Amino acid sequence: MRETASSDELLAWYDRHAREMPWRVSPADRAAGITPDPYRIWLSEVMLQQTTVAAVKEYFVKFTTIWPTVNDLARAQDADVMAAWAGLGYYARARNLLKCARVVASEHNGIFPKTRVGLQALPGIGPYTSAAIASIAYDLPETVLDGNVERVMARLHAVETPLPTAKPELIALAEQHTPQTRAGDYAQAVMDLGATICTPKSPACGICPWRDPCAGRASGIAPELPRKLPKKAKPIRRGFAYVLRNSGGDWLLETRPDKGLLGGMLGWPGSDWSDAPDPAAPVQVEWNEVGAEVRHTFTHFHLILDVFCATSDVPPARGFFVSARDFRPSDLPTVMRKVHDVAKHRFE
DNA sequence: AAAGCGTGGTA
DNA sequence: TTACCAAGCTT
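Residues numbered from 1 in each chain as written. Chains lettered and ligands numbered in written order. Predicted model: local features only at pLDDT ≥ 70, side-chain atom pairs only at ≥ 80, totals over all residues. Heavy atoms only, no water.

### Here we look at the protein's contact with DNA strand C
Working step 1: The local shell around DNA strand C holds 25 residues, among which Gln50, Gly124, Asp146, Asn148 and Pro200 are the closest.
Working step 2: Of everything in DNA strand C that lies within 4 Å of the protein, sugar and phosphate atoms constitute 70%.
Working step 3: With respect to DNA strand C, the backbone of Gln50 contributes an N or O atom lying 2.6 Å from a phosphate oxygen.
Working step 4: One nitrogen or oxygen atom from the side chain of Lys231 is found 3.1 Å from a phosphate oxygen belonging to DNA strand C. (Near = heavy atom within 4 Å. Polar contact = N/O pair within 3.5 Å; in protein donor to acceptor, adjacent residues only side chain to side chain.)

### What about the side chain of Ser135?
Working step 1: Secondary-structure assignment places Ser135 in helix H9 (residues 127-138).
Working step 2: Those residues in contact with Ser135 that lie beyond four places of it in its chain are Arg30, Leu140, Glu142, Val144, Ala183, Gly184 and Ala187. (Helix = DSSP H or I, 4+ residues; strand = E, 2+ residues; numbered from the N terminus. Contact = heavy atoms within 4.5 Å.)

### Comments concerning the state of the cysteines
Working step 1: The final tally for this structure, using the stated rule, is zero disulfides.
Working step 2: Not engaged in a disulfide, the cysteine Cys205 finds its nearest cysteine sulfur in Cys214; these two sulfurs lie 6.2 Å apart.
Working step 3: We note that Cys208 lacks a disulfide partner, and the nearest cysteine sulfur, in Cys198, lies 6.2 Å from it. (Disulfide = S-S within 2.5 Å.)

### Side note on the packing of H9 against helix H12 (residues 183-196)
Working step 1: Two elements in contact, H9 and H12, have axes whose closest approach is 7 Å; the angle formed by their N-to-C orientations is 130°. On the basis of their axis angle, the class for H9 and H12 is oblique. Note on element contacts: H12 touches H9 through Ala183, Gly184, Ala187, Gln188 and Met191, opposite Tyr128, Ser135 and Ile136.
Working step 2: Residue classes in the contact of H9 with H12 are distributed as five nonpolar, three polar and no charged. (Axes fitted to C-alpha atoms, helices over the stretch in contact; angles between N-to-C directions. Parallel < 35°, antiparallel > 145°, perpendicular 65-115°, else oblique. Nonpolar A, V, L, I, M, F, W, Y, C, P; charged D, E, K, R; others polar.)

### Some details on the domain arrangement of chain A
Working step 1: Parsing chain A into structural domains produces domain 1 (7-224) and domain 2 (236-347).
Working step 2: The centre of domain 1, based on its C-alpha atoms, is set 36 Å off from the matching centre of domain 2.
Working step 3: Listed per partner, the contact involves seven residues of domain 1 and 13 residues of domain 2.
Working step 4: It is Ala83, Tyr91 and Arg95 that lose the most area in domain 1 upon contact with domain 2, and together they represent 58% of the buried surface on that side.
Working step 5: Applying the counting criterion to the domain 1 and domain 2 interface returns zero salt bridges.
Working step 6: Joining domain 1 to domain 2, the criterion identifies two residue pairs in polar contact (both at pLDDT 80 or more).
Working step 7: Looking at the side of domain 1 that touches domain 2 residue by residue, the classes come out as five nonpolar, one polar and one charged. (Domains from an automatic or database assignment. Buried area = accessible area lost by both parts, 1.4 Å probe. Salt bridge = Lys/Arg side-chain N within 4 Å of Asp/Glu carboxyl O.)

### What to know about the packing of aromatic side chains
Working step 1: Tallied over the full model, the rule gives 14 aromatic pairs.
Working step 2: An aromatic cluster is built from Phe240, Tyr242, Trp287 and Phe308, whose rings are joined through pairwise contacts.
Working step 3: Over the ring of Phe301 we find Arg237; its NZ or CZ atom is 4.1 Å from the centre of that ring. (Phe/Tyr/Trp six-rings, centres within 6.5 Å; stacked < 30°, edge-to-face > 60°. Lys NZ or Arg CZ within 6 Å of the ring centre and 35° of its normal.)

### Brief notes about the nonpolar core
Working step 1: Judged by nonpolar contacts, the single largest core of 98 residues is most densely connected at Trp42, Phe112, Met153 and Trp210.
Working step 2: Of the residues forming this core, the biggest block, eight residues, is contributed by H9.
Working step 3: No fewer than three residues from each of domain 1 (7-224) and domain 2 (236-347) sit in this core.
Working step 4: The residues contacting Trp42, other than those within four sequence positions of it, are Val70, Leu73, Leu97, Cys100, Ala101, Phe112, Ile125 and Ile133. (Core = buried A, V, L, I, M, F, W, Y, C linked by side-chain atoms within 4.5 Å. Buried < 20%, exposed > 50% of the residue type's maximum accessible area, 1.4 Å probe, protein only.)

### Here's the deal with the packing of helix H10 (residues 147-156) against H12
Working step 1: Two elements in contact, H10 and H12, have axes separated by 8 Å at closest approach and are oriented at 75°. The orientation of H10 with respect to H12, classified from their angle, is roughly perpendicular. Only Tyr186, Val190, Met191, Leu193, Gly194 and Ala195 of H12 make contact with H10, whose side of the interface consists of Asn148, Val149, Arg151, Val152 and Met153.
Working step 2: Taken together, the residues of the contact of H10 with H12 break down into eight nonpolar, two polar and one charged.

### Quick notes on the side chain of Asn148
Working step 1: When you line up the elements, Asn148 lands in helix H10.
Working step 2: Of note is the side chain of Asn148, whose polar atom sits 3.0 Å from the side chain of Asp146.

As structure tokens, this is what we get:
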């Protein structure tokens, strides 16, 4: 085992193995003077928060096709952006995305701030994303610390302190490795390493560019790192969902409150989600129980929904009707799309 | 500062 | 089926 891991050998590995991504400028193009578009880097980094590259790709292409610049996005309707984000999850990101675009357009002349501090003052941009944009888009020597970097650093230095306690320690280590030049390529290189070689389970240490200096590999504990505090069990909650159509075939939907779970998203009227939900039907009609329950797991609880449907022209107490022509199940968050999936046959 | 906040893939 | 996991941020 050698004493140090150098950014140079990781960059050399990245030059050979960098993966293609729609928002990424290849090391070769960057060397040729092509610089990344900060708007596209920002958009991709927000989408990538707690989300896999595979899931993000199609959404990134969709967003950049509809809204090619931050000024275009700033002018978009809220409902259009939320519908376009549907299915990607963590919907506060979409609300903050639009807020951020509008601040950049109106207060920064459509140009993203060129410092980490300036970036982090914007909605939805935290410690990770500010460092990612600063380094990748502007080539500033800022250090990213995401789940990949945490894992790589914990293994490289055999840090046995469990997360999240270990975080400050891992930041300090990560900063020591960040080079003054090519910081953006370096940031992407560490994350690629974590995604493809230094993986959570069964890391491919044999082909790792940092295998020699890796203390975790030397002591044989690399696959067990980083250690983490145990997680809480998810409780089961229940609820009711109501799918109503009028005689014209329009669907009754509502926009959920801006805060909280699925905030700002379309959904079917329904009960609260709890141990003992209040049925809370949106209108007094003869409801038909669909029979098939909808099961869905959120970050912190399991949900079981009992789905009812009806056709009626009695005016509902809440919600609004969307014509069959305008209704697209893909505009709904996944749990609501599942409700539609089990209910739609009842209207055929 | 601990908890809330989605989803789909994988073992 | 269940549990874990992924380029985190906000309050």
